[in-house]
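Here's the letter readout for the chains.
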Amino acid sequence: MAMVCAFLTILVVMSHWSTCCLGCDLPRTHNLTVLKQMSRQSPVSCLKDIKYFELPLEKVDAQQIQKSQAISVLQTLTQQVLTLFESEESRAAWNETLRLSFCNYLYQQLKDLEACQNQQVGVQEVPLTQEPSWLAVREYFGRITMYLKQKKHSPCAWEVVRVEVGRALIYSDMFLAKLSEEKE
Ligand SMILES: *[C@@H]1O[C@H](CO)[C@@H](O)[C@H](O)[C@H]1NC(C)=O
Ligand SMILES: *[C@@H]1O[C@H](CO)[C@@H](O)[C@H](O)[C@H]1NC(C)=O
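In this report, the structure presented in the accompanying data block is examined.

Scoring rules and cut-offs
Residues numbered from 1 in each chain as written. Chains lettered and ligands numbered in written order. Predicted model: local features only at pLDDT ≥ 70, side-chain atom pairs only at ≥ 80, totals over all residues. Heavy atoms only, no water. Patch = residues over 30% accessible without salt bridge, like charges linked within 9 Å, V, L, I, M, F, W, Y side chains within 5 Å. Areas by Shrake-Rupley, 256 points an atom, 1.4 Å probe, with all protein chains shown as cover. Salt bridge = Lys/Arg side-chain N within 4 Å of Asp/Glu carboxyl O. Helix = DSSP H or I, 4+ residues; strand = E, 2+ residues; numbered from the N terminus. Buried < 20%, exposed > 50% of the residue type's maximum accessible area, 1.4 Å probe, protein only. Expected span 1.5 Å × (residues − 1). Arc of directions from axis to C-beta. Disulfide = S-S within 2.5 Å. Axes fitted to C-alpha atoms, helices over the stretch in contact; angles between N-to-C directions. Parallel < 35°, antiparallel > 145°, perpendicular 65-115°, else oblique. Left-handed = near helix turned anticlockwise from the far one by under 90°. Contact = heavy atoms within 4.5 Å.

Moving on, we get to a nonpolar patch on the surface. On the surface, Val44, Leu47 and Ile50 cluster together into a nonpolar patch covering about 320 Å² of accessible area. Tracing the chain through its elements places isoleucine 50 in the loop between helix 2 (33-37) and helix 3 (67-86).

Right, here's the structure in full:
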């Protein structure tokens, strides 16, 4: 009996490990310190360039998000921000030290998300809502890229985009929270 109990205890401990410690380790909120430090223009001087990009995450009911949906949206968002800040034009626009630090942060985030996704293998969830899909997120970044082109990648256009990206990351915190919430 004692042996059986010990065995069961080990099983319980192991199953706890497998849910808690398999490298799916994401913060609840994004760290925007570096993105804030990157600012070079006074936001007031760029008011004339402000544009509404229709962030798809704005319309989300956090209760309706499912874990698999949260991961795919976060992955798409992080990848798109990384592509934006790794572009040739971005290199010319920002302080290189800060830009690299921000890109490293995003890259690490992507790797952590991948670990979360690998934990999801075999879990089938039917999305309750279709929006916002990763496709809507890609279209949103298409609008941002088009805007930068139209503004010829001016310093103010980049400042507007920097603020917008910060907003998108803050909105995506509710997706991050969803991932930590269901992990516990
Ligand atoms: C956020 O990032 C900055 C710069 O990398 C770091 O100094 C700071 O400790 C981070 N804050 C948190 C809460 O992780
Ligand atoms: C870039 O930012 C770093 C960190 O804030 C700073 O030490 C460095 O002087 C900056 N470089 C330029 C060229 O502004």
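Turning to the pattern of salt bridges, a few remarks are in order. Tallying each qualifying case throughout the model produces six salt bridges. A salt bridge links lysine 151 to aspartate 49, with the nearest nitrogen and oxygen atoms 2.9 Å apart. Here lysine 151, found in the loop between helix 6 (134-150) and helix 7 (155-183), pairs with aspartate 49, found in the loop between helix 2 and helix 3; they are 102 residues apart in sequence, far enough to count as distant. The class for lysine 151 is partly exposed, based on a relative accessible area of 31%. Arginine 167 serves as the salt-bridge partner of glutamate 58, at 2.9 Å between the closest nitrogen and oxygen. In this pair, glutamate 58 sits in the loop between helix 2 and helix 3 while arginine 167 sits in helix 7, placing the two residues 109 residues apart along the sequence. Residue classification places glutamate 58 among the partly exposed positions, given a relative accessible area of 27%.

On to helix 6. In this model, helix 6 (17 residues) spans 25 Å end to end at C-alpha, consistent with the 24 Å of a helix rising 1.5 Å per residue. Turning to helix 6, its buried residues number three or more, namely Ala136, Val137, Tyr140, Phe141, Ile144, Tyr147 and Leu148. The buried residues of helix 6 occupy an angular sector of 140° when the element is viewed end-on, so they sit on one face. For helix 6, the exposed residues lying more than 90 degrees away from the buried face are Lys149 and Gln150.

Summed over all chains, the structure comprises one disulfide. Here cysteine 46 engages in a disulfide with cysteine 156; their sulfurs sit 2.1 Å apart. With the S-S dihedral at roughly -80°, the linkage between cysteine 46 and cysteine 156 falls on the left-handed side. Placement of cysteine 46 in the loop between helix 2 and helix 3 and of cysteine 156 in helix 7 is noted, with a sequence separation of 110 residues between them. For the pair formed by cysteine 46 and cysteine 156, the shared burial category is buried.

Trans is the prevailing form of peptide bonds, just as negative phi is the prevailing case for residues other than glycine. Phi at glutamate 54 is positive, roughly 55°, even though this residue is not glycine. Unlike most non-glycine residues, histidine 153 shows phi in positive territory, near 50°. With respect to the secondary-structure elements, histidine 153 resides in the loop between helix 6 and helix 7. The exposure class of histidine 153 is partly exposed, given its relative accessible area of 25%.

Further remarks concern the packing of helix 3 against helix 5 (residues 96-119). Each pair of packed helices can be summarised by the angle the axes make with each other and by the distance between the axes. Here helix 3 crosses helix 5 at 155°, and the two axes come no closer than 9 Å. One element, helix 3, and the other, helix 5, form an angle in the roughly antiparallel class. Classified by chirality, the crossing of helix 5 by helix 3 is left-handed. Facing helix 3, whose interface residues are Ile71, Leu74, Gln75, Thr78, Gln79, Val81, Leu82, Phe85 and Glu86, helix 5 presents Arg99, Phe102, Cys103, Leu106, Tyr107, Gln109, Leu110, Leu113, Glu114, Cys116 and Gln117.

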